[in-house]
Amino acid sequence: MLTSSALMPTSEARSRVEVMTAGANRGARLMQPAIANFNRASARFALAPIYVDPVPERALALVREGARRGVTATAVEARIEDVLSSEDRSHSPLIVSVDNPYAVASALESAEGRPVLVYLLVRMPSQELMGIRAVIRSDDDRERELAARFFRALGKLTARSGASAVVGVDGRPEHIALEPAYRAWFAEHMQSNMTKLVANIAPENDPLEITVDGRKTMSLMVKESGPAWSDPSELARAIVEHPLMPITRGRDFAIGEIGPDGVRMHVLRVRATDGKPAINARAVVTPEEYRAANSEERDSIRRELATVMSRSALATLVVTLALFTTD
């Protein structure tokens, strides 16, 4: 284990917070300036990353970069799952910046008792660039398990790739141009939620969120459909009867449906005018109104929502259409 010297004076009032970081490649490197900014701005905490990466010298190189930025860091050459399973259970935060959804899922499954932040870029078959970010509290086992299942489902669809296929020489020019916006979206999330995770209070953001432009944030609900894709009417029923999170008026939100051979992404909106969910500009009642409706009204609501949900899919991601991902 190798440690850099601290170049930034720290106040005795500030607490050093070791932040385990899974991965020491592009994502972790581009997040490091945000960590330095956090340390300059915080009067309470000083983040000290522990970069964990199995590739020889990669974590140590990032430690050296951190020293130049005034960030005290430590390098560990190992797989994050091995480090998490071998040490005493810690409540310090974990940032996951790896380029494979399977590795994200494994890190989540190994991080019981830790708060976790996740950042991933996905080049979809539609050639859209989707950013995914997650914030999971240390005691939120349900969200951790659901997020792990979602990333594991994405992993089944992901081709062997890396940054070059997403924002590098083999990526699309528009994605390369947009990468700074996505990185800023990731950095803002880390800076907004880190203090709250350390203090074990509710984060500012929903557990899972996506963007397809690096600016607009959509909360992501995960729905597992089992051995067959959900009938739109059944998915509609689940949305109106049991919403998985509070929905903000006037904001799009997404549903990630885990099906038998892939993931289907739906995008919906709650109208700012009256708070009713709408898909493709069609409106349905709120969950409260749905529960109060009689049987005939409920059937009508489900039929309307099912009709528009069949046209709401952002993308259907299946094994025959590979994804490319990077940290």
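Scroll up to find the structure.
Residues numbered from 1 in each chain as written. Predicted model: local features only at pLDDT ≥ 70, side-chain atom pairs only at ≥ 80, totals over all residues. Heavy atoms only, no water.

Asker: Would you mind going over the overall build of the protein with me for this structure?
Answerer: Each helix and strand in the protein was counted, giving 10 helices and 15 strands. Classification of the 327 residues of the protein by burial places 54% in the buried group. Partitioning the intrachain contacts of the protein with sequence separation of at least 6 by distance along the chain shows that 69% fall at a separation of at least 24. (Helix = DSSP H or I, 4+ residues; strand = E, 2+ residues; numbered from the N terminus. Buried < 20%, exposed > 50% of the residue type's maximum accessible area, 1.4 Å probe, protein only. Contact = heavy atoms within 4.5 Å.)

Asker: Could you clarify how one ought to interpret the nonpolar core in this entry?
Answerer: One recurring pattern in soluble globular proteins is that nonpolar side chains are buried together. Membership of the largest hydrophobic core comes to 43 residues, with the highest contact counts inside it found for Leu94, Val96, Leu108, Ile132, Phe150 and Phe151. In terms of residues, this core owes the most to one element, helix 5 (residues 141-155), which gives seven residues. Leave out the neighbours within four places in its chain, and Phe150 touches Ile132, Leu220, Val222, Gly256, Ile258, Val263 and Met265. Listed in part, the 33 residues of the second largest apolar core include Val19, Ala36, Leu47 and Met190. (Core = buried A, V, L, I, M, F, W, Y, C linked by side-chain atoms within 4.5 Å.)

Asker: Just to check I follow, could you spell out the packing of helix 4 (residues 101-110) against helix 5 for this structure?
Answerer: Axis angle and axis distance: for two packed helices, these are the angle between their axes and the distance between the axes, and together they describe the pair. Two elements in contact, helix 4 and helix 5, have axes separated by 7 Å at closest approach and are oriented at 160°. One finds that helix 4 runs roughly antiparallel with respect to helix 5. As helix 4 packs across helix 5, the resulting crossing turns out to be left-handed. Counting all contacts with helix 4, which are made through Pro101, Tyr102, Val104, Ala105, Ser106, Leu108 and Glu109, the residues of helix 5 involved are Arg144, Ala147, Ala148, Phe151, Arg152, Leu154 and Gly155. In terms of residue class, the contact of helix 4 with helix 5 is made up of nine nonpolar, two polar and three charged. (Axes fitted to C-alpha atoms, helices over the stretch in contact; angles between N-to-C directions. Parallel < 35°, antiparallel > 145°, perpendicular 65-115°, else oblique. Left-handed = near helix turned anticlockwise from the far one by under 90°. Nonpolar A, V, L, I, M, F, W, Y, C, P; charged D, E, K, R; others polar.)

Asker: For this particular structure, what's the right way to read the packing of aromatic side chains?
Answerer: To describe a pair of aromatic rings, one takes the distance between the centres and the angle between the planes. This model, assessed by the stated rule, comprises three aromatic pairs. Consider the rings of Trp185 and Phe186, whose centres lie 5.7 Å apart with planes at 45°: the pair is tilted. Given a relative accessible area of 1%, Phe186 falls into the buried group. Site record: aromatic cluster; members linked through ring pairs are Tyr119, Trp185 and Phe186. Geometry around Trp185 places Arg133 over its ring, the cationic atom sitting 3.9 Å from the centre. (Phe/Tyr/Trp six-rings, centres within 6.5 Å; stacked < 30°, edge-to-face > 60°. Lys NZ or Arg CZ within 6 Å of the ring centre and 35° of its normal.)

Asker: Explanation requested: helix 2 (residues 58-69) in the structure shown.
Answerer: At 3.6 residues per turn, the α-helix brings residues three or four places apart onto the same side. Across its 12 residues, helix 2 extends 17 Å between first and last C-alpha, which sits within 8% of the 16 Å expected from 1.5 Å per residue. When we look at burial in helix 2, the residues that qualify are Ala59, Leu60, Leu62, Val63, Gly66 and Ala67. Down the axis of helix 2, the buried side of the element spans an arc of 160°, and every buried residue falls inside it. After helix 2 finishes, the residue Gly70 shows a positive phi value of roughly 85°. (Expected span 1.5 Å × (residues − 1). Arc of directions from axis to C-beta.)

Asker: What's the story with the environment of Ala24 in this structure? I'm lost.
Answerer: Following the sequence through the fold, Ala24 ends up in the loop between strand 2 (15-22) and helix 1 (26-41). Since its relative accessible area comes to 5%, Ala24 is described here as buried. Contacts of Ala24, omitting those with residues within four sequence positions, involve Tyr51, Val52, Asp53, Arg58, Ala59 and Leu62.

Asker: So what exactly am I meant to see when it comes to the pattern of salt bridges here?
Answerer: Side-chain pairs of opposite charge can arise where the charged atoms are in close proximity. One pass over the full model with this rule turns up 15 salt bridges. The residue Arg152 makes a salt bridge to Glu109 at a minimum N-O spacing of 2.9 Å. Of this pair, Arg152 sits in helix 5 while Glu109 sits in helix 4, and the two are 43 residues apart along the sequence. Residue Arg152 is classed as partly exposed on the basis of its relative accessible area of 27%. Owing to a relative accessible area of 49%, Glu109 belongs among the partly exposed residues under this scheme. Residue Glu204 pairs with Lys196 through a salt bridge whose shortest N-O separation is 3.2 Å. Three or more residues are tied together by salt bridges with common partners; here these are Arg26, Glu179 and Arg183. (Salt bridge = Lys/Arg side-chain N within 4 Å of Asp/Glu carboxyl O.)

Asker: Any chance you could explain the packing of helix 1 against helix 7 (residues 173-198) here in plain terms?
Answerer: Contact geometry for helix 1 and helix 7: axes closest at 10 Å, N-to-C directions at 50°. What the angle tells us is that helix 1 and helix 7 run oblique. The two elements helix 1 and helix 7 cross, and the hand of that crossing is right-handed. Two secondary-structure elements touch here, helix 1 through Arg26, Gly27, Leu30, Met31, Ala34, Ile35, Asn37 and Phe38 and helix 7 through Glu179, Arg183, Phe186, Ala187, Met190, Gln191, Met194 and Thr195. In terms of residue class, the contact of helix 1 with helix 7 is made up of nine nonpolar, four polar and three charged.

Asker: Got a minute to help me understand helix 4 in this structure?
Answerer: Burial runs high along helix 4: seven of the 10 residues are buried. Among the residues of helix 4, Pro101, Val104, Ala105, Ser106, Ala107, Leu108 and Ser110 are the ones counted as buried. Where the residues of helix 4 are buried, they touch helix 3 (80-86), strand 5 (94-96), strand 6 (116-123), strand 7 (129-136), helix 5 and strand 15 (324-326). Two or three places before Tyr102, at the opening of helix 4, Asn100 has a side-chain oxygen 2.7 Å from that residue's backbone nitrogen. (Polar contact = N/O pair within 3.5 Å; in protein donor to acceptor, adjacent residues only side chain to side chain.)

Asker: Please clarify how unusual backbone geometry should be interpreted in this entry.
Answerer: Glycine aside, residues mostly have negative phi angles, and peptide bonds mostly take the trans form. Of note in this structure, Glu57 is not a glycine but carries a positive phi near 75°. For Glu57, a relative accessible area of 46% puts it in the partly exposed group. We note that Asn200 has phi near 55°; this positive angle belongs to a residue other than glycine. Locating Asn200 in the fold gives a position in the loop between helix 7 and strand 8 (208-211).

Just geometry here; none of it tells us what the structure is for.
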